[in-house]
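What follows is each chain in one-letter form.
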Amino acid sequence: VASVTGQYLAGGYKYEPAPEQEPSVRIYDAATGELAASFSHVPPVLSVAFSPDSKFLAAANMMGEMRVYDLTAKKQVASWRTDDFTSWGITKSHHYIGGIFALVFTPDGKGLIAAGMGPMTDPMAGNGKQRWQRFAWQESPPKKIAEIGDSDGGNGLMETLSFHPSNKYLLMAGRLAQGTWNSAFFDTETGKLLHSMDSKIRVTDATFSADGSQLLLAGAVGQQKKKDGIYPEAGRIKIYKCAI
């Protein structure tokens with residue numbers, strides 16, 4: 001089991017994140033709960049993913065910094081950065097916000113896909129472009145090889161990625177700010193948008209059933225009004241049938 005953590009504290013007059021005070025990436029033995037390994041990163045670290053063969057672990061942070069660790073050798077083997085997921089606010093307050101909220105390795109393990117949203121002038125608005133980018137992480141240096149088409153998405157924070165068990169397509173989902181969808185399916189090979197929908201919730205996690213026949217979305221609706229002095233439960237799980 002992998003976990004990531006970290007608090008954004010300004011490390012200097014440019015508001016760059018301060019160094020971590022403890023390892024930001026940790027691996028635990030699922031059977032015993034014992035700490036198996038820990039790795040350094042720059043907090044706050046927002047996302048983590050195992051490679052399909054479980055030999056590598058990737059983690060990414062608010063500043064768009066991605067690192068890949070070899071779990072056998074217990075060392076870092078790749079590190080690079082993209083500025084396309086991070087905002088510097090000049091409206092209301094000055095600070096960084098955003099980052100890479102979801103990671104997933106491609107089925108062959110050679111690619112790494114990151115999701116979040118594009119930069120915004122007003123980081124409190126949450127209306128950056130819905131975004132994913134694909135990287136060839138084993139190259140030296142790692143390089144971006146694909147990303148969502150300019151006309152394929154609207155605005156909003158994307159928070160989860162999941163491959164269908166057939167490996168034919170990838171789901172990206174999150175929160176809709178402006179546009180028509182907050183959950184969309186992309187062809188694994190071409191990155192082409194195949195289908196999209198508005199699930200009417202903020203999707204924070206998604207997974208497919210083992211046979212690929214169902215899609216499960218977990219998330220929440222907006223703040224509800226009190227009923228009989230109590231706020232209604234906001235959490236939601238939605239299940240969809242998959243045609244392919």
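Refer to the preceding data block for the structure.
This structure is a prediction, so every number in the text was calculated from the model and none was measured.

Asks: What's the story with the overall build of the protein chain in this structure? I'm lost.
Replies: Counting its regular elements, the protein chain contains zero helices and 20 strands. Against the 2.2 N^0.38 benchmark of 18 Å for 244 residues, the protein chain shows a C-alpha radius of gyration of 18 Å, consistent with a compact globule. With the C-alpha coordinates aligned to their principal axes, the bounding extent of the protein chain is approximately 50 × 45 × 40 Å. For the protein chain, the share of sequence-separated contacts (at least 6 apart) that also reach a separation of at least 24 residues comes to 45%. Just so you have it, the protein chain exposes about 12700 Å², and 50% of that area is on carbon and sulfur atoms. When the 25 positive and 24 negative side-chain charges of the protein chain are each reduced to one mean point, those points stand 5 Å apart.

Asks: Whenever I open this one, the pattern of salt bridges confuses me. Can you help?
Replies: As a working rule, side chains carrying opposite charge can pair if their charged atoms are close by. Scanning all chains against the criterion turns up seven salt bridges. Of the charged contacts in the structure, one is a salt bridge between Arg26 and Glu22, with a shortest N-O distance of 3.2 Å. A relative accessible area of 43% means that Glu22 is categorised as partly exposed. Residues Lys200 and Asp198 are paired through a salt bridge, measuring 3.3 Å at the closest nitrogen-oxygen approach. The network of salt bridges with shared partners includes Asp84, Lys144 and Glu147.

Asks: Would you mind going over the pairing of strand S18 (residues 202-208) with me for this structure?
Replies: The side chains of a regular strand alternate between the sheet's two faces. Strand direction decides the pairing type here: S18 and strand S19 (residues 214-220), joined by six bridges, are antiparallel. Across the sheet, Ala206 pairs through a bridge with Leu217, a residue of S19. Between S18 and S19, which follow one another and run antiparallel, lie five residues, and Gly212 among them has a positive phi close to 80°.

Asks: Is there a simple way to explain the sheet that holds strand S2 (residues 25-28) in this structure?
Replies: Remark on secondary structure: sheet strands pair via backbone hydrogen bonds, oriented parallel or antiparallel. Strand order in the open sheet made by the three strands is S1-S2-S3, with antiparallel pairing throughout. At either end of the open sheet lies a strand with only one pairing partner, and these are strand S1 (2-4) and strand S3 (35-39). Across the sheet, the mean angle separating the axes of adjacent strands is 20° when strand polarity is ignored. Bridge count between S1 and S2: three bridges; the pairing is antiparallel. Its bridge partner lying in S2, Val4 is registered against Val25.

Asks: Is there a simple way to think about the sheet that holds S18 in this case?
Replies: An order of S18-S19-S20 is seen for the three strands of this open sheet, with the pairing classed as antiparallel. The open sheet terminates on both sides in strands that have one partner only, identified here as S18 and strand S20 (235-241). Across the sheet, the mean angle separating the axes of adjacent strands is 20° when strand polarity is ignored. For S19 and S20, the ladder comprises seven bridges, and the chain directions are antiparallel. Looking at S20, one finds that Leu217 is bridged to Lys238.

Asks: Is there a simple way to think about a nonpolar patch on the surface in this case?
Replies: On the surface, Tyr15, Trp88 and Ile90 cluster together into a nonpolar patch covering about 300 Å² of accessible area. Along the chain, Ile90 falls in the loop between strand S8 (86-88) and strand S9 (96-98). Looking at Ile90, the relative accessible area reads 55%, which means it is exposed.

Asks: Help me understand the nonpolar core in this model?
Replies: Where a protein is soluble and globular, its nonpolar side chains tend to be buried together. Of all hydrophobic cores here, the largest spans 16 residues; its most connected members are Met66, Val68, Trp80, Leu103, Phe105, Leu112 and Trp137. Mapped onto this core, the elements with two or more residues apiece are strand S5 (56-61), strand S6 (65-70), strand S7 (75-81), strand S10 (102-105) and strand S11 (111-117). Per-element tally for this core: the top contributor is S5, with three residues. Counting 14 residues, the second-largest nonpolar core is a separate cluster that includes Ala102, Trp132, Met172 and Ala184.

Each value, and the rule that gives it
Residues numbered from 1 in each chain as written. Predicted model: local features only at pLDDT ≥ 70, side-chain atom pairs only at ≥ 80, totals over all residues. Heavy atoms only, no water. Helix = DSSP H or I, 4+ residues; strand = E, 2+ residues; numbered from the N terminus. Rg over C-alpha atoms; globule rule 2.2 N^0.38 Å. Contact = heavy atoms within 4.5 Å. Areas by Shrake-Rupley, 256 points an atom, 1.4 Å probe, with all protein chains shown as cover. Lys, Arg positive; Asp, Glu negative; His and termini not counted. Charge placed at Lys NZ, Arg CZ, Asp CG, Glu CD. Salt bridge = Lys/Arg side-chain N within 4 Å of Asp/Glu carboxyl O. Buried < 20%, exposed > 50% of the residue type's maximum accessible area, 1.4 Å probe, protein only. Pairing = 2+ DSSP bridges. Axes fitted to C-alpha atoms, helices over the stretch in contact; angles between N-to-C directions. Patch = residues over 30% accessible without salt bridge, like charges linked within 9 Å, V, L, I, M, F, W, Y side chains within 5 Å. Core = buried A, V, L, I, M, F, W, Y, C linked by side-chain atoms within 4.5 Å.

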